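# Residue-level structure breakdown
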Amino acid sequence: MRISISLLFSLFLLFNIGAQTQPWQGKFEPIDNMISPPNTYRTASGAPGKDYWQQRADYKIKAELDEANNTLSGEETITYYNNSPDDLSYLWIQLEQNVNKKGNEDFGSINNNITDGMNARQMQFLTRAINFPAGYTIKYVKNEGDNNLKTMVNNTMMKVKLNQPLKSGESTVLNIAWSYHITDRSMYLLSREGYEYFPEDDNTVYLIAHWFPRMAVYNDTEGWQNQQFQKLGEFALEFGDYEVEITVPSDHAVASTGALQNPESVLTKKQRNRLKEAEKSFDKPVMIITKEEALTNEKEKSNKKKTWKFKAENVRDFAFASSRKFLWDAQNVKLPTNTVMAMSFYPKEGLPVWKEESTKAIMHALEVYSEATFDYPYPVCISVNTSNIGMEFPMISFNGGRPKNGKMSNGAKAGMIGTIIHEVGHNWFPMIISSDERKWMWMDEGLNTFLHQRTVAERYPDFNSTTPNSIVPFMSGDKNILRPIMTTSDSELMSQFGANFYLKPTVGLQMLRNSIIGKELFDEAFKEYANRWKYKHPNPGDLFRTLEDASAVDLDWFYRGWFFTTDNVDMELNDVKWFKVYEEHSNIEDQNQSAKLKIEADGKSTEASAKDFSNGPETINMTSTPDASYGGFLSRLDESEVRKQLSGKNIYEVTIKNKGGLVMPVTIEWVFADGTKAIDRLPAEIWRRNEYEIKHTFVKEKEVSKVNLDPNFEFADTNTKNNSFPKVETASDFEKFKNKQSGN
Ligand SMILES: [Zn+2]
């Protein structure tokens, strides 16, 4: 295309008016240089590529719980498949129990303040004054030929040196024997597992997780993911099949990942019959172990043993809980392509709310998440009660929340149910859509909290759930402390990670769904991401790319601002100007009158004119287009029709300033003089030409009395005081301070 220099120049003059006066920040530029480039493993559309590969690890484990000494010991066989294109001369194994060893204190994730009046537990977190013998004793690491392999332990990682490199496409077998002292959960900060002792009846509930040496992930993104476990950043794990035998006191009930293989040798006939009944119960749970039976078990304290055998296919981890205190209930949940046994295990201390709410909450989570992603694929889904913290594993989660003296406030109950939904939801993110938690906590927590909050909003409408307003206090915070969402897990502060890695991504996804992409397209794109990365290891770029790829909505501006910066949304409705255009031959007297009105208003107060509509409309003259403006065109607009269409109508020119830095769609609510309302929406792209200030013109039949920005609080605007016109007079903080000082 060719255009003349003079036309270019006149276009420049015409559009130069809207140029911004502050530096351009490229808020709508592609984020390609901020995420990993696409390759044959991961495509530019966000899907696994033609050469995508991941490793696989199958486990056969025999473990025994020693209740007298609170120890767990085991022997395991790992079959490790090297599907990578690389030959590996050593393997890395995760030893998470070592994190609690004295000397392996978390690297800075605890607030190291000593304060007067600090309690003993906080002091223990800080100093590990009681030197508990935490961590593994590794008895041996052998290869298939029963030869000892050389190992080196670096805190929570163990390097196993192979005698010959493990070639691409081949597998190897490791046999490892180990034991460790199970930790008292009350002794450590962020204890996701361990035991809880109940002094009243001298019994213990064991929550057993990251308990066996597990293969570290080796992938196309960073080779070995052997970043140390520092507690905040959770896990990166490979998929595989598990056969696990767990020996416990014979009066214990075991809740576990996987399907129970030997019910006839560990369950009574009565319990097996009740489980059969539960298979037919789709509306309420059936008690498998009743309260009375649990109370009898509490007293028994058998010194006999039983071995529970479980199998789990295509899981990335394995956890279990064991106690003689457990009550147990179960019911079936029917999904379009799978029927799942939902079960809860809890001590009597969880009654009555656990019996009433836990299994029901599992059912709600299974239904909503399955609909939003893909059907829950496993045979069981278990919720185990614990004192505090919720923690997720495949098919089983440990969920905090107990009544006090049988009573629970509504708020506490909402928290408990929310925890169960959340931890069950983790079966999708990250247990199946297996992102790297150690690196990107937000990828599983953010996406999971988004669906968890959707489940609460849809199934428990009486409970509070997250909305964009929920993130306003956090995003209004001190920018010297705030980190972007795209911050690696262990670099976040203990005080901030909940808001930054859970809530902010949740709100971001809510805004995409409800206000930017739209529900139908968003839901399809989200489902596409879940299905593309099912049983695989997605990176942030894969999520970003897929949501765009499946929706045809350019979201780079959104990712750039919401995920990579700490900017916030604060739009200011700076000015609204009201104009009227009259027909050339309309009543001159009318025009004079409004002009007079304007002069009168001006006479009263020049201040008021910029703050409200009291001046009335400004009359503007629309001139006839000179021939020169048509250039070479011979055709002419019907100019009288333009004039007719606009005549007498109210034309509003709105000026909006971007104070917070984040660009967002603009929602404008018009309140008309007759009391009715209407909404106009402008896409975020309106900020492309000027990232700091935009002007936009609207034509309204009715006279407007008030204009509001973001009336439904869709965009987490941190300051809504500057969102209205006529402007609401609010004294600045400085003025308030000054007034206070002068005694006003
Ligand atoms: Zn979580």
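Residues numbered from 1 in each chain as written. Predicted model: local features only at pLDDT ≥ 70, side-chain atom pairs only at ≥ 80, totals over all residues. Heavy atoms only, no water.

Take the packing of aromatic side chains next. A full pass over the atoms with the stated rule returns 50 aromatic pairs. Measuring from centroid to centroid gives 6.2 Å for Tyr346 and Trp354, while their planes differ by 45°, and the two rings are tilted. Taken together, a centroid distance of 5.7 Å and an interplanar angle of 25° make the contact between Phe522 and Phe526 stacked. Of this pair, Phe522 and Phe526 both sit in helix H11 (residues 519–532), four residues apart, which is roughly one turn of that helix. Each member of the aromatic cluster is reached from another via a ring pair, and the members are Phe28, Trp442, Phe544, Trp557, Phe558, Tyr559, Trp562, Phe563 and Phe564. Seen from the ring of Tyr90, Lys159 lies directly overhead, with NZ or CZ sitting 4.3 Å from the centre. Here Lys325 stacks its cationic end above the ring of Phe198, 4.3 Å away from the centre of that ring. (Phe/Tyr/Trp six-rings, centres within 6.5 Å; stacked < 30°, edge-to-face > 60°. Helix = DSSP H or I, 4+ residues; strand = E, 2+ residues; numbered from the N terminus. Lys NZ or Arg CZ within 6 Å of the ring centre and 35° of its normal.)

Counting buried positions along strand S21 (residues 380–386) gives seven out of seven residues, so the element sits mostly inside the fold. Burial of S21 is two-sided: the residues Val380, Ile382, Val384 and Thr386 facing one way and the residues Cys381, Ser383 and Asn385 facing the other way are all buried. Across five bridges, strand S20 (residues 338–346) lies against S21 in parallel orientation. Across the sheet, residue Met343 finds its bridge partner in S21, namely Ile382. With helix H6 (residues 353–372) bridging S20 and its parallel neighbour S21, the resulting β-α-β unit is left-handed. (Buried < 20%, exposed > 50% of the residue type's maximum accessible area, 1.4 Å probe, protein only. Pairing = 2+ DSSP bridges. Right-handed = clockwise from strand over helix to strand, strands pointing away.)

What follows concerns the sheet that holds strand S17 (residues 305–315). Strands sit in the order S4-S7-S2-S1-S13-S17-S15 across an open sheet of seven strands; the sheet is mixed. If you trace the sheet from one side to the other, it starts and ends with strand S4 (136–143) and strand S15 (259–260), each paired once. Across two bridges, the pairing between S15 and S17 is antiparallel. Bridge assignment links Ala259 to a residue of S17, and that residue is Lys311.

Running from N to C, helix H12 (residues 540–549) and helix H13 (residues 556–564) cross one another at 150°; their axes reach a closest spacing of 11 Å. Judged by the twist between their axes, the crossing of H12 over H13 is right-handed. Here Leu543, Phe544, Leu547 and Glu548 of H12 come into contact with H13, specifically with Asp556, Tyr559, Phe563 and Phe564. The residue inventory of the contact of H12 with H13, partitioned by class, reads six nonpolar, no polar and two charged. (Axes fitted to C-alpha atoms, helices over the stretch in contact; angles between N-to-C directions. Left-handed = near helix turned anticlockwise from the far one by under 90°. Contact = heavy atoms within 4.5 Å. Nonpolar A, V, L, I, M, F, W, Y, C, P; charged D, E, K, R; others polar.)

Structurally, the α-helix is built with 3.6 residues per turn, so residues lying three or four positions apart point the same way. Over its 20 residues, H6 runs 28 Å from end to end, which matches the ideal 28 Å to within 8%, given 1.5 Å per residue. In terms of residue burial, H6 counts as a mostly covered element, since 15 of its 20 residues are buried. (Expected span 1.5 Å × (residues − 1).)

To continue, consider the nonpolar core. Core analysis: the biggest nonpolar cluster contains 189 residues, and Trp211, Trp442 and Trp562 have the highest contact counts within it. Counting residues per element, this core draws most heavily on H6, which supplies nine residues. Once you skip the residues sitting within four places of it in the chain, Trp211 turns out to touch Ile61, Ala63, Leu72, Gln97, Tyr136, Trp178, Tyr180, Val244, Phe318, Ala319 and Phe320. (Core = buried A, V, L, I, M, F, W, Y, C linked by side-chain atoms within 4.5 Å.)

Here we have six strands laid out as an open sheet, ordered S16-S19-S20-S21-S23-S22, and mixed in their pairing. The open sheet has two edge strands with one neighbour each: strand S16 (286–289) and strand S22 (391–393). Adjacent strand axes in the sheet meet at a mean angle of 25°, parallel and antiparallel pairs treated alike. As paired strands, strand S19 (residues 327–335) and S20 are joined by nine bridges and run antiparallel to one another. Pairing of Asn332 across the sheet is with Met341, part of S20. Seen against the sheet, helix H5 (residues 291–300) touches S16 and S19 and runs at an angle of roughly 15° to S16. Along the sheet face, helix H7 (residues 410–425) touches S21, S22 and strand S23 (396–400) and points at about 160° away from the line of S23.

Take helix H4 (residues 269–280) next. Helix length check: H4 (12 residues) gives 17 Å between terminal C-alpha atoms against 16 Å at 1.5 Å per residue, within 8%. What H4 keeps buried is the set Gln271, Arg274, Leu275 and Ala278. One face of H4 carries all of its buried residues, which in axial projection span an arc of 105°. Facing away from the buried side of H4 by over 90 degrees, the exposed positions are Lys269, Lys276 and Lys280. For H4, the elements touching its buried residues are helix H3 (263–266), S16, H5, S19 and S20. (Arc of directions from axis to C-beta.)

Going through the model one piece at a time under the given rule, you end up with four cavities of 30 Å³ or more. Around the largest cavity, the lining residues are Val569, Met571, Pro665, Val666, Thr667, Leu709, Asp710, Phe715 and Asp717. Partitioned by chemical class, the residues of the lining of the largest cavity number six nonpolar, one polar and two charged. Space inside the second largest cavity adds up to approximately 40 Å³. Looking at the second largest cavity, the residues that line it are Val99, Asn100, Leu190, Ser191, Arg192, Glu193, His210, Phe229 and Lys231. In terms of residue class, the lining of the second largest cavity is made up of three nonpolar, three polar and three charged. (1 Å grid on protein atoms, 1.4 Å probe; cavity = no way out; pocket = protein on both sides within 12 Å on 5 of 7 lines; lining within 4 Å. Points joined across faces, edges and corners; volume = space filled by probe spheres on them.)

Right, let's talk about the side chain of Asp251 for a bit. Along the polypeptide, Asp251 turns up in the loop between strand S13 (240–249) and strand S14 (253–256). The exposure class of Asp251 is buried, given its relative accessible area of 6%. Here Lys301 takes part through its backbone nitrogen, which lies 3.0 Å from a polar atom of the side chain of Asp251. Those residues in contact with Asp251 that lie beyond four places of it in its chain are Asn297, Glu300, Lys301, Ser302, Ser323 and Arg324. (Polar contact = N/O pair within 3.5 Å; in protein donor to acceptor, adjacent residues only side chain to side chain.)

Worth remembering: the numbers are spatial, not functional.
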